[in-house]
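Structural characterization, general
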Amino acid sequence: MPAASRPRINPSAKRIAIACQGGGSHTAFTAGVLQSLLRGMAPDRYRIHGLSGTSGGALCAALAWTGLLEGNPELGEALLESFWGRMSTTQFADFWSDQWLLFQQRSRSFFGLPEVSPYLLPNTGQDFLAGMLKEHIPFARLQSLITAQSPVLMIGAVEVLSGDFTVFHSHPRKGEPPISVGALLASAAIPEMFRAVHIGEGVYWDGLFSQNPPIRGFLSGKESRDAKPDEIWVIQINPDRRASEPKTSDDIDDRRNELAGNLSMKQELFFVTQINDWLHKKWLSAAHLKHVDVRFIPLELELDYASKLDRSPAFIQKLLADGRRKGKDFLDQLSRETA
């Protein structure tokens, strides 16, 4: 969108931070939600303060953020569409390789299949992902696009050797790592599938082990309260609740994965709710803190853990469509609440 035709942003518009939980292929849902938000958020009411994400959520957040950096939300929509189209298994060999991986994952309860270290296999999957990221995000130009007023981007990972949580930041403080191809690969480096990513002296794994997704970073720091978000919208992949007790091995594995994925997210959100509570009780008076509302856009399809590896075109398109619908419904509900 040419600069002259972009709608002017209302300085009194609510500042929104969007946090994207990780979850493999399930985060195609996140891409669909972000497409609807980029298309439908009224600039006179809402302004995207920043995005954060972990693993697949980090990839989606980075693509949407790229469009915002370019001053073109429609570009963010197109990048999300293109990326997930390219990630789908459109080639015959790739499709059957992905289906074999799904079969292995879903057959663990019946067959004693061997586990193989990713260090003993070709690194083709990670190399392919790196290529897709470079194709869609102009890493060489990022620093020239980022200004103090640009939306922030935070990417979660964990440093394997120390166990320290790491956030790769678009506006890094001194000594903090910036956004890079490596940062996104690190956040998505599931240790059963990918090798750890080396950045500087650090060795990194998937951010599901740390902050899923980073949230408290939107509120911490010495920035004024007016420079922090008014609301945080969480695109949640793992369900909070299940209708029945998991009893089979597969169901138990599925639920363990969901709970692990939500644990760090709830720890991040506890920081927000605790600050809100203390401000309400007047136990805090710091000028740089504020009440922040948290809203959720959840994936509600009944899916198993193995499907987080499913890159079949039909499955990806189903998740994208569901995300677009949920994103539109979310904005429609907000409009009704404030009408």
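Every chain is numbered on its own, with residues counted from 1 as its sequence reads. Whole-chain, interface and lining totals are the exception, using all residues; otherwise, since this is a predicted model, local features are given only for residues with pLDDT of at least 70 and side-chain atom pairs are given and counted only at 80 or more. With hydrogens and water excluded, all non-hydrogen atoms of the structure serve as input to the side-chain values.

1. Some remarks on the overall build of the protein chain
- Secondary structure follows DSSP: runs of H or I at least 4 residues long count as helices, runs of E at least 2 residues long count as strands, and numbering of each begins at the N terminus. For the protein chain, the count of helices and strands is nine helices and eight strands.
- Only protein chains enter the accessibility calculation, which uses a 1.4 Å probe; a residue is then buried when its area is under 20% of its type maximum, exposed when over 50%, and partly exposed in between. When burial is assessed residue by residue, the protein chain has 48% of its 339 residues classed as buried.

2. Some details on the packing of helix α1 (residues 28-40) against helix α3 (residues 73-87)
- Packing of α1 against α3 leaves a shortest axis separation of 9 Å and a crossing angle of 160°. As far as their axial angle goes, α3 and α1 are roughly antiparallel. Where α1 crosses over α3, the two elements pack in a sense that is left-handed. On the side of α1, the interface is formed by Ala28, Ala31, Leu34, Gln35, Leu38 and Arg39, while α3 contributes Pro73, Gly76, Glu77, Leu80, Glu81 and Trp84. The convention used is that axes are lines fitted to C-alpha atoms, helices contributing only their stretch in contact, and that angles between N-to-C directions extend from 0 to 180 degrees. Angle categories: roughly parallel below 35 degrees, roughly antiparallel above 145, roughly perpendicular from 65 to 115, and oblique for all the rest. By definition, turning the near helix anticlockwise from the far helix through less than a right angle yields a left-handed crossing, and turning it clockwise yields a right-handed one. A contact between two residues is defined here by any heavy atoms of the two lying within 4.5 Å.

3. A closer look at the UniProt feature "active site" (unreviewed entry) in the protein chain
- The positions UniProt marks with the feature "active site" (unreviewed entry) are Ser55 and Asp206. Taken together, the annotated residues stretch across 152 residues yet fold into one region, lying no more than 6.2 Å apart by C-alpha.
- Judged by its relative accessible area of 3%, Ser55 falls in the buried class.
- Beyond its immediate sequence surroundings of up to four residues, Ser55 is in contact with Gly22, Ser187, Ala188 and Asp206.
- Tracing the backbone shows Asp206 in strand β6 (residues 202-206).
- By relative accessible area, which is 1% here, Asp206 ends up buried.
- In this structure, Asp206 is in contact with Thr54, Ser55, Ala157, Val158, Ala186, Ser187, Ala188, Ala189, Ile190 and Pro191, ignoring residues within four places of it in sequence. UniProt positions are given in the numbering used here, feature names are shortened, and annotations may be inferred rather than shown by experiment.

4. Looking at the pattern of salt bridges
- Whenever Lys or Arg places a side-chain nitrogen within 4 Å of a carboxyl oxygen from Asp or Glu, that contact is recorded as a salt bridge. One pass over the structure, following the stated rule, counts 16 salt bridges.
- As a salt-bridge pair, Asp230 and Lys290 come within 2.8 Å of each other at their nearest N and O atoms. Of this pair, Asp230 sits in the loop between β6 and β7 (231-236) while Lys290 sits in the loop between α8 (249-280) and β8 (293-298), and the two are 60 residues apart along the sequence.
- Overall, Asp230 belongs to the partly exposed group, its relative accessible area being 24%.
- Note that Glu231 is salt-bridged to Arg295, the shortest N-O span being 2.9 Å. Of the two residues, Glu231 sits in strand β7 while Arg295 sits in strand β8, which places them 64 residues apart along the sequence.
- The class for Glu231 is buried, based on a relative accessible area of 1%.
- A single network of salt bridges, built from pairs that share partners, joins Lys14, Glu231, Arg295 and Glu337.

5. Comments concerning α1
- Taking 1.5 Å of rise per residue, the 13 residues of α1 would be expected to cover 18 Å, and the 18 Å separating its terminal C-alpha atoms lies within 8% of that figure.
- For α1, the set of buried residues is Ala28, Phe29, Thr30, Ala31, Gly32, Val33, Leu34, Gln35, Ser36, Leu37 and Leu38. Helices are assigned an expected span. That span is 1.5 Å times one less than the residue count.

6. A look at the environment of Ile137
- By secondary structure assignment, the location of Ile137 is in the loop between α5 (124-136) and α6 (142-145).
- The exposure class assigned to Ile137 is buried, which follows from its relative accessible area of 3%.
- Placed 75 residues apart in sequence, Ile137 and Ala62 show a C-alpha to C-alpha distance of 8.0 Å.
- Sequence-distant contacts of Ile137, defined by excluding residues within four places in its chain, comprise Ala62, Leu63, Thr66, Leu142 and Leu184.

7. A few points about the pairing of strand β4 (residues 165-169)
- Pairing between strand β3 (residues 152-159) and β4: five bridges, direction antiparallel. Within the sheet, the bridge partner assigned to Ile155 lies in β4 and is Phe168. Two strands qualify as a pair provided that DSSP identifies no fewer than 2 bridges between them.

8. Details of a nonpolar patch on the surface
- Within this analysis, patches are made of residues with over 30% relative accessible area and no salt bridge. Like charges are joined at 9 Å or less; nonpolar side chains (Val, Leu, Ile, Met, Phe, Trp, Tyr) at 5 Å or less. A 1.4 Å probe and the Shrake-Rupley method give the accessible areas. Residues count as covered only by the protein chains that appear here. A cluster of nonpolar residues, Val116, Leu120 and Leu121, forms a patch on the protein surface that exposes about 290 Å² of accessible area.
- Here Val116 lies in the loop between α4 (92-106) and α5.
- The exposure class assigned to Val116 is partly exposed, which follows from its relative accessible area of 43%.

9. Looking at the side chain of Gln236
- Position of Gln236 relative to the elements: it lies in strand β7.
- Only 2.8 Å separates the side chain of Gln236 from the backbone oxygen of Asn238, close enough to count as a polar contact.
- Among the polar contacts made by the side chain of Gln236, one reaches the side chain of Asp240 at a distance of 3.1 Å.
- Once residues lying within four places of it in the same chain are set aside, the contact partners of Gln236 are Gln21, Phe29, Asn262, Met265, Phe296, Ile297, Pro298 and Leu299. Here a polar contact means two N or O atoms within 3.5 Å. Within protein one must be a hydrogen donor candidate and the other an acceptor candidate, and residues neighboring in sequence count only if both atoms are side-chain atoms.

10. Side note on the confidence of the model for the protein chain
- Looking at the protein chain, the pLDDT average stands at 86 and 88% of residues meet or exceed 70.
- pLDDT is defined as a per-residue confidence score from the predictor, taking values between 0 and 100. Here residues 1-7 is modelled with pLDDT under 50, and outside its nearest four sequence neighbours on either side it reaches eight contacts, counting other chains as well.

11. A word on α8
- The terminal C-alpha atoms of α8, which comprises 32 residues, lie 45 Å apart, in line with the 46 Å expected from a rise of 1.5 Å per residue.
- Directly beyond the C-terminal end of α8, a positive phi value near 60° is found at Lys282.

12. Re the environment of Val181
- Here Val181 is to be found in helix α7 (residues 181-187).
- Residues in contact with Val181, not counting those within four places in the same chain, are Ala130, Lys134 and Phe139.

13. Quick word on the environment of Gly217
- If you trace the backbone, Gly217 turns up in the loop between β6 and β7.
- We classify Gly217 as partly exposed; its relative accessible area is 30%.
- Residues Gly217 and Ser52 lie 165 residues apart in sequence; the distance between their C-alpha atoms is 9.2 Å.

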